[in-house]
Every structure is written in structure tokens, then in C-alpha cells.
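Read off the chains here:
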Amino acid sequence: MLPTPWDVGPVQIYLIEGDPVTLIDTGVKTPESRAALGAALESLGLGLDDVQRVILTHAHGDHLGQAQTLRDAGADLEVWAHEAEAPMIEFFSVENDERIDETNELFREYGVPEDLLREQSERKRQWMRESPPLCEATRVDRLLRDGEALPFKDFELRVIHAPGHTVGHILLHEPQSGALVTGDHIMGSAVPFTENGYLDGPPDPRDPLGRRPRFKGLSAYLTSLRGLRRTSFSTILPAHGGVLERPDRAIEDALLFYEVRIQRIERGLRTLAAMGKDVTGWEIWKALFPKADPLTQMRTRMLMVIGALDVLEETGTGVTLRRDDGVLLHHHR
Ligand SMILES: [Zn+2]
């Protein structure tokens, strides 16, 4: 368990002592986190430089953060991660202006006001200039795919691609003991936000609105979670919130969390449709979270609204149109 500076609390990472010495995730890059990792390894008679392999569940700071730190400490290690997550790991930069601009473009399409986007981006850039980075890019040595078996001396771990929280998030399943390492996909203390962002490539020619291709995190998350109902496992080892002994319940709780929110948005759209009104994603945000501070609480909640609108469109309940200024409008079918 390593400290993080965030509300989510400490991050749980896992060590496989057997051959080869393997860490699943690495903690944020702070002196406190490095000291805690060093002490945990030392209690097992190991040093930072003894780690031979790092498997990353995904590219967020509390998971990827110290992979390069271990290399810098002398560890001759390989980093393994899902092929869809690898670019984020190798080019991770918290000072990446491009990422801020890309997210702003998405929020703009959903009607978030320009002055709010500008003020929020300025704050973020200033915060990044003033605080040391909590995460560092590193080289990925092996690209993992869904269903692959990763051999260890006495057992093997099976890779499950579980997109949603991020595009290339993986779970690691040990069929004999029934343990499932879930990263942030399933947590004991919270339900993860789901990313949403543009992908490379031209717009889908079948989309009459000419939208850029996008990773639709919430839709992918619900599909990944439902898919887990078919996997047999007895214990969840998450990155936050202890060890979960009732995995079925954890899955159903996470599904319910989002289903309730999607239904709430659907009901809102239906009421507006009865009044003959279309709404933007931003108008839905304001109606759902009247007390939230847009400056600090817009981002993850807006990703949820966009994700829910994706799900409603996919299920045929929601319809999306484009206004003359490019902003998307939504209504109930
Ligand atoms: Zn995460």
C-alpha cells in the first residue's frame, strides 16, 4: 500500500515474489511513495533494483508513476502493458498541452462554455508548472492482448482486457486460486470514472453528424463489467479499498451505480422531449449537479454525462443532432 496525494487514498500494488520478481503497478512518483515501496520490498529482503518485471494495469499516475524510478534505481526490468495503453505509458507527460486541448475540444462539442474551459485550462497549466510531476513515461517492452497467459514459475496469470476507466486497462486473473487483480476497474472504495476521448482516424462515414471517432469509456466499461459475470473468481484484489471477498456484489454495485445515473439522464431527456426541447450535454450537467463547482468538478462529471449520452444513443433511446455552431444537441426518441 503506497501513499498518494489524492482523495482516492493509498494505492494497493501487488508483488509476485516468484520467478521473476514482478510488480503489478508501481505507485505515484513522490519521495513518500518511493520510501514506502523501498520499505515494503526491504521487508521481503529485496531492493528496488531486484524488480525484474512490471505489469501495469493502466497508465494513470498511481499505477505507472514509479516504473521509470525503478529503472533509474538500477532494476533491469521489463514493462508489460496492454497494447492500447502502451502509447500513453511511453509518451506520458503531465505537461502535455495537447491533451488539455483535445479534452477541451470534446467538452466544447458538448456545449461547455468557452470561458470556463479557458479558466480551467489555465489553472491546470499553472498547477502543472508549480508542482513536480507525479508520474513519468517509460518504455514498454511487451504488448499484452486479451486472453494471453503470462507464465510464472508455479502458475500463470491470464490477461483480461477491460476497457472503460481507460482504453487499455487490464485485469489479471489467476484461475487456480480465483484471484482477480482489477486495478481501478473494480475498487472497494469507489466506482471509477470512465475516460472518453477522440481516437486517431477519420470520422465514420456512416455517421451523419461527421463526428470524430471516440473511445466511449462508459459504454465500454459496462460491457467489460457484464463480461466479467462469465468469469469465475473468488477474490478481487483492487488498487483501492482493501480486498473484496464478494466479487459478484462488487460487479453488480458498479453496474447499478452507472445504471441509476444513465436512467436519471434518460428521464430528464424524456421530460424535455415532452416539452419539445433539445438540450446540450452541458445543460444536462447543470441540471444534474446544481450545487457542483464547475471550475473544479466539471471534468469527471461531464465525462459521465457524455458517457451516458453515448449509451442512450447506442441503445436507441437518445438521438443526437448538431447545432449550427457545432455543439451537439440531444433528445429522447
Ligand atoms: Zn486510474
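Residues numbered from 1 in each chain as written. Predicted model: local features only at pLDDT ≥ 70, side-chain atom pairs only at ≥ 80, totals over all residues.

## Quick look at the sheet that holds strand S2 (residues 22–24)
- Spatial strand order, S1-S2-S3-S4-S5: five strands in an open sheet with mixed pairing. Strands at the two margins of the open sheet, each flanked by one partner only, are strand S1 (14–16) and strand S5 (142–144). Strand-to-strand twist in this sheet, taken as the mean axis angle between neighbours without regard to direction, amounts to 20°.
- Of the strand pairs in this sheet, strand S4 (residues 78–82) and S5 are connected by three bridges, and their pairing is parallel. In the sheet register, Ala81 faces S5, and the bridge partner there is Leu143. (Pairing = 2+ DSSP bridges. Helix = DSSP H or I, 4+ residues; strand = E, 2+ residues; numbered from the N terminus. Axes fitted to C-alpha atoms, helices over the stretch in contact; angles between N-to-C directions.)

## Observations regarding the domain arrangement of the protein chain
- Looking at the protein chain, the domain boundaries give domain 1 (14–92 + 133–238) and domain 2 (264–332).
- Measuring from the centre of the C-alpha atoms in domain 1 to the corresponding centre in domain 2 gives 31 Å.
- Sorting elements by how many residues they give to the side of domain 1 that touches domain 2 places helix H7 (residues 217–228) first, with four residues.
- Class assignment of the residues belonging to the side of domain 1 that touches domain 2 gives a composition of four nonpolar, four polar and two charged. (Domains from an automatic or database assignment. Nonpolar A, V, L, I, M, F, W, Y, C, P; charged D, E, K, R; others polar.)

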